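# Results of the structural survey
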Amino acid sequence: HEMGLPGRCGAGAVIHSVYPVERGAYENAGQSSADIKRQLKQLGVDSTVIRRVAIASYEAEMNLIIHSLGGAIELDIDGSWIVLQVYDRGPGIPDVELAKQEGYSTAGEDARGLGFGAGMGLPNMMRNTDDFLIASQVGVGTLMVMKFHLQ
C-alpha cells in the first residue's frame, strides 16, 4: 500500500465521500469540513496537510451555503493526493478573476450579519492548495477542484 493507507484497490481511491451542502444552512456550517478533517486524522495524514485541507474545505462549504442554490463537496484520497471537488447549482460567478481578488464579495446582508462575506474565500482556497481549478457558468453553477499532496 502506498503511504500505508489501507484499502487501496488498483487505481481506485482509498476514500471517497460526498457531502451535500444546502443553500443558507448556516446552522450546519463547518460540519462537512470537520468530518473531512476527522477522516484525514484517522488516516494519519500530516497535520500541516490537514490544516490546509480544513481551511480550503471550510471556505468552499461556506461559499456553497452563502452563494449557491445548493451543491456538494466530494473528497477523494488515493496514494499521493487528496482531492476536493466542489460543485453547485447556480447562480454561477459572472467574473471569476474578480472573485479571486482579496476583499471582493457578493455576499448578502444575511451572510455579512453573521460575520461572513469578507471576500477571502477563494483567495484562502488558492493559497492552501497545491493545485486549484475553478470553472463557472452564470445560471448553471460552479465547479472547483482542489488538490493537496499527501506528503
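On a predicted model such as this, the values are computed, not experimentally measured, just so you know.

### A short note on the packing of aromatic side chains
Within the structure shown, the criterion is met by one aromatic pair. Plain terms: the ring middles of Y26 and F116 are 6.0 Å apart, the flat faces sit at 20° to each other, and that makes the pair stacked. One end of the pair, Y26, is in the loop between β1 (15-21) and α1 (31-42); the other, F116, is in the loop between α4 (109-113) and α5 (121-128), and 90 residues separate them in sequence. Lying over the aromatic face of W81, K147 brings its terminal NZ or CZ to 5.4 Å of the ring centre.

### Some points on the packing of α1 against helix α2 (residues 47-67)
Interaxial distance between α1 and α2 falls to 8 Å at its minimum, and their mutual angle equals 160°. The angle between α1 and α2 places the two elements in the roughly antiparallel class. Of the two possible hands of crossing, α1 and α2 adopt the one that is right-handed. Between α1 and α2, the residues in contact are Q31, S32, S33, I36, K37, L40 and K41 and I50, V53, A54, S57, Y58 and E61, respectively. A class-by-class count of the residues in the contact of α1 with α2 yields six nonpolar, four polar and three charged.

### Focus on the side chain of E59
Structurally, the position occupied by E59 is in helix α2. R127 provides the closest opposite charge to the buried, salt-bridge-free E59, at an N-O distance of 7.5 Å. A distance of 2.7 Å separates the side chain of E59 from the side chain of N124, its partner in a polar contact. What E59 contacts, discounting residues up to four positions off in sequence, is M120, G121, N124 and M125.

### Details of the packing of α2 against α5
At a minimum axis distance of 9 Å, the contact between α2 and α5 shows a crossing angle of 155°. By the angle between their directions, the pair α2 and α5 is classed as roughly antiparallel. Once α2 is placed against α5, the crossing between them reads as left-handed. Across the interface between the two elements, R51, R52, I55, A56, E59, A60 and N63 of α2 pack against G121, L122, N124, M125 and N128 of α5. For the contact of α2 with α5, a count of residues per class yields five nonpolar, four polar and three charged.

Parameters at a glance
Throughout, a residue's number is its position along its own chain's written sequence, starting from 1. Whole-chain, interface and lining totals are the exception, using all residues; otherwise, since this is a predicted model, local features are given only for residues with pLDDT of at least 70 and side-chain atom pairs are given and counted only at 80 or more. Side-chain numbers here rest on the full set of heavy atoms in the structure, without hydrogens or water. Stacked, tilted and edge-to-face are the three classes applied to pairs of Phe, Tyr and Trp rings, where Trp contributes its six-membered ring and a pair requires centres within 6.5 Å; stacked means planes under 30 degrees apart, edge-to-face means over 60, and tilted covers the rest. Only DSSP runs of H or I with at least four residues qualify as helices, and only runs of E with at least two residues qualify as strands; both kinds are numbered from the N terminus onward. Remark: a charge is flagged as sitting over a ring if the NZ atom of Lys or the CZ atom of Arg is within 6 Å of the ring centre and within 35 degrees of the ring normal. Every angle, taken between N-to-C directions, lies between 0 and 180 degrees, and every axis is a line fitted to C-alpha atoms, over only the stretch in contact when it is a helix. In what follows, roughly perpendicular refers to angles from 65 to 115 degrees, roughly parallel to angles under 35, roughly antiparallel to angles over 145, and oblique to any angle outside these ranges. Here a crossing is called left-handed whenever its near helix is offset anticlockwise from the far helix by less than a right angle, and right-handed whenever the offset is clockwise. Pairs of residues are marked as contacts when any of their non-hydrogen atoms sit within 4.5 Å. All amino acids are sorted into three groups, where Ala, Val, Leu, Ile, Met, Phe, Trp, Tyr, Cys and Pro are nonpolar, Asp, Glu, Lys and Arg are charged, and the leftover types, Gly among them, are polar. Classification of residues uses two cut-offs on accessible area relative to the type maximum, computed with a 1.4 Å probe and protein chains only: under 20% is buried, over 50% is exposed, and between them is partly exposed. Positive: Lys, Arg. Negative: Asp, Glu. His and the chain ends are not part of the count. We define a salt bridge as a contact between a side-chain nitrogen of Lys or Arg and a carboxyl oxygen of Asp or Glu at a distance within 4 Å. For the purposes of these results, a polar contact is taken to be a pair of N or O atoms within 3.5 Å, where, inside protein, one atom must be able to donate a hydrogen and its partner to accept one; residues adjacent in sequence count only when each atom of the pair is a side-chain atom.

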